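# An overview of the molecular structure
Listed here are the chains, written in short residue letters.
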2 protein chains.
Amino acid sequence: MAIRDSSPVCVIGLGQIGGSVVKAAAEAGREVFGYVRSARTFDAARAAGFTVFGELESALKHAELRRAVIVVAVPLPATGGVFARIAAFGGSCVVTDVGSVKAPILAAAEEHGLGGRFVGGHPMAGSANSGWAAADAALFHGAAWVVSVDEAVTAAGFAEVARLALGLGAVVVPALAAEHDRAVARISHLPHLLAAVLANTGAAGGELALGLAAGSFRDGTRVAGSDPALAEAMCANNTAAVIEALDEALDALNAARTKLGLTGLPGPVVRSGRESRAAYDRIAAQRPVIAGVDLEEPDWRERLAEAGRRGAILRRL
Amino acid sequence: MAIRDSSPVCVIGLGQIGGSVVKAAAEAGREVFGYVRSARTFDAARAAGFTVFGELESALKHAELRRAVIVVAVPLPATGGVFARIAAFGGSCVVTDVGSVKAPILAAAEEHGLGGRFVGGHPMAGSANSGWAAADAALFHGAAWVVSVDEAVTAAGFAEVARLALGLGAVVVPALAAEHDRAVARISHLPHLLAAVLANTGAAGGELALGLAAGSFRDGTRVAGSDPALAEAMCANNTAAVIEALDEALDALNAARTKLGLTGLPGPVVRSGRESRAAYDRIAAQRPVIAGVDLEEPDWRERLAEAGRRGAILRRL
């Protein structure tokens, strides 16, 4: 098994995440080039000095020549189409992605025959802004970057993608696609729905209410400012897990509503919420580090998945 | 009507808000002194060079002597008791408060016979931290500070409290107590409940979920880290308005749940949420300013209440 330390990077799609991969890879001294469909972004990225192709096949050809790792960073609904074209082109480069759901993307990769060279990825980073203009070389610094350890993933592929994430300043969380999807429904997809509902309930109070809004409303609705297509794609591609998380939230809110009506107090939810937030603070402040992973061991996938389940991260490989 | 430009300030209770009033007033060059029950805070505030009394009556006596404005900044459940002691002491100083609900506090002030000298106030500021150690002279800079224009409020009292808020760096939002309470249920009390539920739903996903949590979860749960007594006091003292806001949020979430189950998409909530957040951003960026208020006009209260309803603020008096 030949694992290279640092491969060239080919980024397909130069929105906020793809653009940040390009900028961060360049800053890390990696050879990097990209493809983007939008003429405006193409011009902007070229003007900033980056190598960008205006034809997907040209980028894939260059990737093959340079033995690059291919990062598919197009919007979720467009991912399957890009996989189809990569499959049609052929080649042997490792392919990863940055999408916010992993099981449907893994299924799409396998459907298109990319299974053996595909390694799902998901950097937990991004702001309410979008597009190349919002791309930032520092976006991944300290961020968690999920790298799939599903059955089809090869050790060489995992190492390639994990090294890319580490090289861009992230830490790696190994996870199975399905477990990732259930987790992000709770901590990423549900927040979008709650933020939207909070924004609407506040706005229904008119200008007095919006004018009085301070930190708790500003923070609680920040993500409602995102491109709606993002939250909708999360829901569409992770529906069952989002419903599971939303049903739990609804049960808790209904219980609080009942308590409020009976007693004027919301019940235990506020106190348990504080404990939950403290648990998050603890894990954010100091995460267990996975040491001594040997990708030559037959059970490396299971070991890494188990470590990821405990919140552990890889800081190096 | 004699309206003074700058009265001494007597602060009862030196938690985050009361302590910030003390520090900000001192920084603004105002004469300021306080009372606090906690021996530890008493020592800390004294050590920081502030004039602090360890007996409430001593502070009230000094306030009367100095013709100070009295700022009651104790926790909500303790406010009525402090009003009773101020009433028993007598005196003639203007009394204001900083509590997060206004109608029950106005009722308590009137019940204790303080109606004619009481002017409810609510600075929309504060962090998830609490106590004197979290007090900050800059806490009110640019913050909205609600000042009551209810019927019992005198022009002199309104001017006294508005000048205090302006002097500490805030802008003044005139509002009726009941309208304030319905507004803050939406933009301050509801966010506490949603943040707690989001924190719990995330934590139920275990360490993998909490470890993957990024901006949307961190921001959406920030206020869940507050002292639970705060959110509980908000609910207990503003129950009907909190229930109204929570019921609206539940209706919206149930509708999204139904749509998700049928279509895999959450319906219009995400797009309307983005518009609502944009409306908030607009009003936060540029608020209408109330010009030419004349507190000698007989309808000054109605005029100010109407301006506040439109999201307008006073920047000077």
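An unreviewed UniProt entry lists chain A under the name Prephenate dehydrogenase, with Segniliparus rotundus given as the organism. According to UniProt, the comment filed for chain A under the heading Sequence similarities (unreviewed entry) is "Belongs to the prephenate/arogenate dehydrogenase family."

## Topic: the overall build of chain A
Broken down by element type, chain A carries 13 helices and nine strands. Seen through its principal axes, chain A has C-alpha atoms that stretch 70 × 45 × 35 Å. For chain A, with 317 residues in total, the buried portion stands at 57%. Within chain A, contacts between residues separated by at least 24 positions form 72% of all contacts whose residues are at least 6 apart in sequence. Accessible surface for chain A amounts to roughly 12200 Å². Of this, 50% is attributable to carbon and sulfur atoms. Taken together, the 30 basic and 32 acidic charged side chains of chain A have centroids lying 5 Å from each other.

## Details of the interface of chain A and chain B
At the interface, 88 residues of chain A touch 88 residues of chain B. When chain A packs against chain B, close to 7800 Å² is buried across both sides, 70% of that on carbon and sulfur atoms. Seen at the junction of chain A and chain B, the total is six salt bridges. Viewed at the interface, chain B and chain A are joined by 30 residue pairs in polar contact (both at pLDDT 80 or more). In terms of residue count, helix α7 (residues 177–203) of chain A provides more of the side of chain A that touches chain B than any other element does, 19 residues in total. Among the residues making up the side of chain A that touches chain B, the classes are represented as 48 nonpolar, 23 polar and 17 charged.

## Re the relation of the copies chain A and chain B
Superposing chain A onto chain B requires a rotation of 180° together with a translation of 0.0 Å along the rotation axis, leaving an RMSD of 0.0 Å. Taken together, the turn and the small shift mark the pair as related by a two-fold rotation axis. Across chain A, the smallest distance between a C-alpha and the rotation axis is recorded for A:G220, namely 2.2 Å. Most of the interface of chain A is mirrored in chain B, where 100% of its interface residues are also at the interface.

## Considerations on the nonpolar core
Residues A:I187, A:L212, B:I187 and B:L212 are the most contacted members of the largest nonpolar core, which totals 81 residues. Contact partners of B:L212, with chain neighbours within four places excluded, come to A:M124, A:A144, A:V146, A:V173, A:H180, A:A183, A:V184 and A:I187.

## Considerations on the pairing of strand β4 (residues 69–72) of chain A
Residue and element names in this part refer to chain A. Of the two faces of β4, the one holding V69 and V71 and the one holding I70 and V72 are both buried throughout. Sheet topology note: the strand β1 (residues 9–12)/β4 ladder contains four bridges and is parallel. Opposite I12, over in β4, you have V72 as the bridge partner. Between the parallel pair β4 and strand β5 (residues 95–97), the chain is carried across by helix α4 (residues 76–89), and the sense of this crossover is right-handed.

## Observations concerning the environment of A:I105
All names here are of chain A. Mapped onto the elements, I105 comes out in helix α5 (residues 103–111). For the pair I105 and G115, spaced ten residues apart in the sequence, the C-alpha separation amounts to 11 Å. Once residues lying within four places of it in the same chain are set aside, the contact partners of I105 are L76, T79, F83, D97, G99 and F118.

## Regarding helix α1 (residues 16–27) of chain B
Residues and elements named next belong to chain B. If you check α1, its first and last C-alpha atoms are 16 Å apart, about what twelve residues at 1.5 Å a residue would give, namely 16 Å. In terms of burial, α1 is largely enclosed, as nine of its twelve residues are buried. Those residues of α1 lying buried are Q16, I17, G18, G19, S20, V21, V22, A24 and A25.

## Here we look at the packing of α5(A) against α7(A)
Residues and elements named next belong to chain A. Close contact between α5 and α7 brings their axes to 8 Å; oriented N to C, the two are set at 150°. Residues A103, P104 and L106 of α5 pack against A177, A178 and D181 of α7. Residues of the contact of α5 with α7, tallied by class, amount to five nonpolar, no polar and one charged.

## Quick look at the environment of B:R67
All names here are of chain B. Mapped onto the secondary structure, R67 falls in the loop between α3 (56–66) and β4 (69–72). For R67, a relative accessible area of 52% puts it in the exposed group. Put simply, R67 and G308 are 241 residues apart on the chain and 29 Å apart in space, counted from C-alpha to C-alpha.

## Concerning the sheet that holds β4(A)
Residues and elements named next belong to chain A. On the basis of which strands lie adjacent, the open sheet formed by six strands has the order β3-β2-β1-β4-β5-β6 and parallel pairing. Both outer strands of the open sheet, β3 (51–53) and β6 (118–119), are each paired with one neighbouring strand and no more. Inspection of the sheet shows β5 paired to β6 by two bridges, in the parallel sense. When the bridges of β6 are listed, V95 appears paired with F118. Set on the sheet, α4 makes contact with β1, β4, β5 and β6; between it and β4 the angle comes to about 150°.

## Observations regarding the pattern of salt bridges
Evaluated as defined, the whole model comprises 26 salt bridges over all chains. Its salt-bridge partner being B:R309, residue B:E179 comes within 2.9 Å of it at the nearest N-O pair. Residue B:E179 is found in helix α7 (residues 177–203), and its partner B:R309 is found in helix α13 (residues 300–309); the two are separated by 130 residues along the sequence. With a relative accessible area of 18%, B:E179 lands in the buried category. Two residues, B:E248 and B:R186, come together in a salt bridge whose shortest N-O distance is 2.7 Å. One end of the pair, B:E248, is in helix α11 (residues 239–263); the other, B:R186, is in helix α7, and 62 residues separate them in sequence. For B:E248, a relative accessible area of 29% translates into the label partly exposed. Judged by relative accessible area, which is 8%, B:R186 ranks as buried. Each member of the salt-bridge network shares a partner with another, and the members are A:E179, A:E306 and A:R309.

## Overview of the side chain of B:D97
All names here are of chain B. In this fold, D97 is placed in strand β5 (residues 95–97). At a separation of 3.0 Å, a polar atom in the side chain of D97 contacts the main-chain amide nitrogen of G99. Within the structure, D97 has its side chain in polar contact with the backbone nitrogen of G121 (distance 3.0 Å). The contacts of D97, once residues within four sequence positions are left out, are V72, K102, I105, F118, V119, G120, G121 and H122.

How each quantity is defined
- Residues numbered from 1 in each chain as written.
- Chains lettered and ligands numbered in written order.
- Predicted model: local features only at pLDDT ≥ 70, side-chain atom pairs only at ≥ 80, totals over all residues.
- Heavy atoms only, no water.
- UniProt positions renumbered as here; feature names shortened; annotations may be inferred.
- Helix = DSSP H or I, 4+ residues; strand = E, 2+ residues; numbered from the N terminus.
- Buried < 20%, exposed > 50% of the residue type's maximum accessible area, 1.4 Å probe, protein only.
- Contact = heavy atoms within 4.5 Å.
- Areas by Shrake-Rupley, 256 points an atom, 1.4 Å probe, with all protein chains shown as cover.
- Lys, Arg positive; Asp, Glu negative; His and termini not counted.
- Charge placed at Lys NZ, Arg CZ, Asp CG, Glu CD.
- Buried area = accessible area lost by both parts, 1.4 Å probe.
- Salt bridge = Lys/Arg side-chain N within 4 Å of Asp/Glu carboxyl O.
- Polar contact = N/O pair within 3.5 Å; in protein donor to acceptor, adjacent residues only side chain to side chain.
- Nonpolar A, V, L, I, M, F, W, Y, C, P; charged D, E, K, R; others polar.
- Least-squares fit on C-alpha atoms with pLDDT ≥ 70 in both.
- Core = buried A, V, L, I, M, F, W, Y, C linked by side-chain atoms within 4.5 Å.
- Pairing = 2+ DSSP bridges.
- Right-handed = clockwise from strand over helix to strand, strands pointing away.
- Expected span 1.5 Å × (residues − 1).
- Axes fitted to C-alpha atoms, helices over the stretch in contact; angles between N-to-C directions.

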